[in-house]
Amino acid sequence: MAIDQATVRKIASLARIAISDAEAAAMEGELNGILGWVEQLGEVDVTGVEPMTAVIPNILRLRDDIVDADPLTGGNRRDDILANAPAPQHGFFGVPKVIE
Amino acid sequence: MTELTNLTVAEIRDGHRAGDFSAVEVAEAFNANVAGAKALNAFIVETPEHAIAAAKTADADRAAGTLKPLSGVPIGMKDLFATNGVQTTAASHMLEGFVPRYESTVSQKLWDAGCGMLGKLNLDQFAMGSSNETSYFGNVISPWKRKDGGNAALAPGGSSGGSSSAIAARLCPAATGTDTGGSIRQPAAFVGISGIKPTYGRCSRWGIVAFASSLDQAGPMARDVKDCAIMLENMAGFDPKDATSLNLPVPNWEAALSSDLKGKKVGIPKEYRLEGIDPDIDAMWDAGIAMLKDAGAEVVDISLPHTKYALPAYYIIAPAEASSNLARYDGVRYGLRDLPEKAGLQDMYAATRADGFGPEVKRRIMIGTYVLSAGFYDAYYTQAQKVRTLIARDFEQAFGVCDVILAPTAPSAAFGLGEKTADPLAMYLNDVFAVPASLAGLPAMSVPAALNREGLPLGLQIIGKAFDEQGVLNAGLAIEERAGFNARAEKWW
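Residues numbered from 1 in each chain as written. Chains lettered and ligands numbered in written order. Predicted model: local features only at pLDDT ≥ 70, side-chain atom pairs only at ≥ 80, totals over all residues. Heavy atoms only, no water.

As annotated in an unreviewed UniProt entry, chain B is Glutamyl-tRNA(Gln) amidotransferase subunit A from Sphingopyxis macrogoltabida. The heading Function (unreviewed entry) in the UniProt record of chain B holds the text "Allows the formation of correctly charged Gln-tRNA(Gln) through the transamidation of misacylated Glu-tRNA(Gln) in organisms which lack glutaminyl-tRNA synthetase. The reaction takes place in the presence of glutamine and ATP through an activated gamma-phospho-Glu-tRNA(Gln)." If you open the UniProt record of chain B and go to Catalytic activity (unreviewed entry), you find "L-glutamyl-tRNA(Gln) + L-glutamine + ATP + H2O = L-glutaminyl-tRNA(Gln) + L-glutamate + ADP + phosphate + H(+)". (UniProt positions renumbered as here; feature names shortened; annotations may be inferred.)

Under the annotation held in an unreviewed UniProt entry, chain A carries the name Aspartyl/glutamyl-tRNA(Asn/Gln) amidotransferase subunit C and is attributed to Sphingopyxis macrogoltabida. Checking UniProt for chain A, the heading Subunit (unreviewed entry) contains the comment "Heterotrimer of A, B and C subunits." Checking UniProt for chain A, the heading Sequence similarities (unreviewed entry) contains the comment "Belongs to the GatC family."

**Student:** Just give me the short version of the overall build of chain B, but keep the residues and values in it.
**Tutor:** Of the regular secondary structure elements, chain B holds 15 helices and 11 strands. In terms of its C-alpha atoms, chain B occupies a principal-axis envelope of roughly 65 × 55 × 50 Å. Of all 493 residues assigned to chain B, the portion counted as buried reaches 67%. Pairs at least 24 residues apart make up 77% of the contacts formed inside chain B by residues separated by at least 6 positions. Surface summary for chain B: the accessible area is close to 15600 Å², and the carbon and sulfur share equals 50%. Of the charged side chains in chain B, 45 are positive and 55 negative, and the gap between their average positions amounts to 2 Å. (Helix = DSSP H or I, 4+ residues; strand = E, 2+ residues; numbered from the N terminus. Buried < 20%, exposed > 50% of the residue type's maximum accessible area, 1.4 Å probe, protein only. Contact = heavy atoms within 4.5 Å. Areas by Shrake-Rupley, 256 points an atom, 1.4 Å probe, with all protein chains shown as cover. Lys, Arg positive; Asp, Glu negative; His and termini not counted. Charge placed at Lys NZ, Arg CZ, Asp CG, Glu CD.)

**Student:** Please give an account of the interface of chain B and chain A that cites residues and values.
**Tutor:** In this complex, chain B contributes 76 residues to the contact, which on the side of chain A involves 53 residues. Of the roughly 5300 Å² buried where chain B meets chain A, counting both sides, 71% is carbon and sulfur surface. Linking chain B with chain A are four salt bridges. With a shortest N-O distance of 3.8 Å, E23(A) and K362(B) are connected by a salt bridge. Run the count over chain B and chain A and you get 22 residue pairs in polar contact (both at pLDDT 80 or more). Where the side of chain B that touches chain A is concerned, the elements lending two or more residues are α9 (310-325), α10 (345-356), α11 (359-372), α12 (377-398) and α13 (424-428) of chain B. (Buried area = accessible area lost by both parts, 1.4 Å probe. Salt bridge = Lys/Arg side-chain N within 4 Å of Asp/Glu carboxyl O. Polar contact = N/O pair within 3.5 Å; in protein donor to acceptor, adjacent residues only side chain to side chain.)

**Student:** I'd like to hear about helix α8 (residues 279-294) of chain B, residue by residue, with values.
**Tutor:** All names here are of chain B. Here α8 is 16 residues long and its end C-alpha atoms lie 23 Å apart, about the 22 Å a rise of 1.5 Å per residue gives. Three or more residues of α8 are buried, namely D280, I281, M284, W285, G288, I289, M291 and L292. Buried residues along α8 sit against β7 (265-269), β8 (298-302), β9 (404-408), β10 (444-451), β11 (457-464) and α15 (469-483). Here α8 starts with a cap whose side-chain oxygen sits 2.9 Å from the backbone nitrogen of D280, and that cap is D278. Looking one or two places after α8, you find G296, whose phi comes out positive at around 105°. (Expected span 1.5 Å × (residues − 1).)

**Student:** Can you explain the UniProt feature "active site" (unreviewed entry) in chain B? Please cite residues and give values.
**Tutor:** All names here are of chain B. In this numbering, the UniProt entry assigns the feature "active site" (unreviewed entry) to K78, S159 and S183. A maximum C-alpha distance of 11.4 Å places the annotated residues, which cover 106 residues in sequence, within one compact spot. The topology assignment puts K78 in strand β2 (residues 74-78). Looking at K78, the relative accessible area reads 0%, which means it is buried. For K78, the residues in contact, after removing those within four places along its chain, are K120, L121, L123, A127, S159, S160, S163, T176, G177, T178 and S183. Among the structural elements, S183 can be located in the loop between β4 (174-179) and α6 (185-191). Setting aside residues no more than four positions away along its own chain, S183 makes contact with K78, A127, G129, G158, S159, S160 and T178.

**Student:** Now, about the side chain of T5(B): what can you tell me, with residues and values included?
**Tutor:** Residues and elements named next belong to chain B. Along the chain, T5 turns up in the segment before α1 (9-18). Among the residues examined, T5 registers a relative accessible area of 4% and is labelled buried. Of note is the side chain of T5, whose polar atom sits 3.4 Å from the side chain of N33. With residues up to four places along the chain from it excluded, the contact list for T5 reads A29, F30, N33, R170 and R223.

**Student:** How would you summarise a nonpolar patch on the surface if you had to cite specific residues and measurements?
**Tutor:** Together, V95(A), V98(A) and I99(A) make up an exposed nonpolar region whose accessible area comes to about 300 Å². With respect to the helices, strands and loops of the structure, V98(A) is situated in the segment after β2 (92-93). (Patch = residues over 30% accessible without salt bridge, like charges linked within 9 Å, V, L, I, M, F, W, Y side chains within 5 Å.)

**Student:** Go over the nonpolar core with me, naming the residues and quoting the values.
**Tutor:** All names here are of chain B. One finds L110, F126, F395 and L406 to be the most contacted residues of the largest nonpolar core, which totals 191 residues. Of all the elements, α9 adds the most residues to this core, at 10 residues. Sequence-distant contacts of L110, that is, excluding residues within four places in its chain, are made with L70, I75, M77, C115, T176, M231, N234 and M235. (Core = buried A, V, L, I, M, F, W, Y, C linked by side-chain atoms within 4.5 Å.)

Below, the structure is given as structure tokens:
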């Protein structure tokens, strides 16, 4: 199905990407081209076929119920986690004011 | 003595072990090549000091008798792997200046094995691209030129194009790559080197910047099959930090290498014979069939009936996963922040993502967002996942009658930079032979097999059963020995 510029803007807003009118116009053609092409999948008979969820059969492991079991992925790494934040403040991630 | 930068990984490892040269000499030689090849734009960050430090350790370890499996071997690291203390960008503006405080599992394993790092290799932005023209840090250029009197800059393939260009130009003996829909195999084919994508789950994805998590898989790129086996042994292995990591022992692929294919059956998929394809590609494929027969294999015709649907399914599934994975780049926790005046939080997200992502990344996030949105999820995403099941089933049935599958790696030789950028679909079609194995999670490798009429390398692809990297490597070795491919790009950079 063809998508129009209003739909392009709606997708962009869902994706949290600001776009200009010119970009929306350019993207309308590109997205329609790609979506028109993928629509050939509709002709495949998938009756009784399960959608793939795991490409190689594997058992989902649960980690041990221990706090900070892995020093790399556990806690007490505040400074490391904030090290690349654009605006850290007082040990937190800073964001623009959300509440008036 | 041969130039150190012409040695393979195995030759460097063994020569260092034997005391023929020091690891510092090797690192210095490669550092010099890296420094002298800026025209290729293969590296985003050069780390000569890292390579030298590892080399000094390797030399000390040799003196102390505590050599590690890859002591003395410097490598290139695709800039998709998080490296502790070294900028990791995924070739994006979004992550420019990002310096991880942790190390990816695969890179850590290579350092533990004794490798040094020559630098972080350029790639298509967030690994999205087939030509290395989407990097924020500029195009990577292939060292190869067409023999047509022209001087066109050629694509090194993508997304691991920094890796392929650097290896072909002797800036490193081997490098890491990642393959989501052909990103190791296609660039390897374009520059005349080898590369293997192992079974999905063999290499940990922990610390690799995510593109499409159900497809992304790390693997090595190197000049020959043996080096790929050596590198893969040192990259693979179970990692509890990656839920999709396979809890299986890592085989000794190098030790079991054998090009004797007696008793093996090689499947030739009829659906890969595309109408109107470059005759050089078909001729190379036929030559490859003859080589495998010569190695003792029996050749059988097979059918993979859903092949034509693999690319469209891929271009739903990969963008869908990408739109979800790349939601993390919000200007809050790391990376770029673009805060227009008086902007609220939502405006900051939108401005940051508009500024930080390149056009191809935005295009894929938009496609992914659309196919996952309410009302379209079943028509696009669920349908694609069902087709993916059928594609995997095609392979399963084929492997009932054969051990490995032989096909071309890509439908063309390297194309010129800019030749395909105007049409995203034309670019996507370049991955037509690589994507099916990715969707099915199977091990697959590319080995250089011939030069085309323009003097450019062409690659043959071997696809194997899940977990059978050995079968893939062995068939690759049989081709390598018979093709005798030793062409290399003339130095112009």
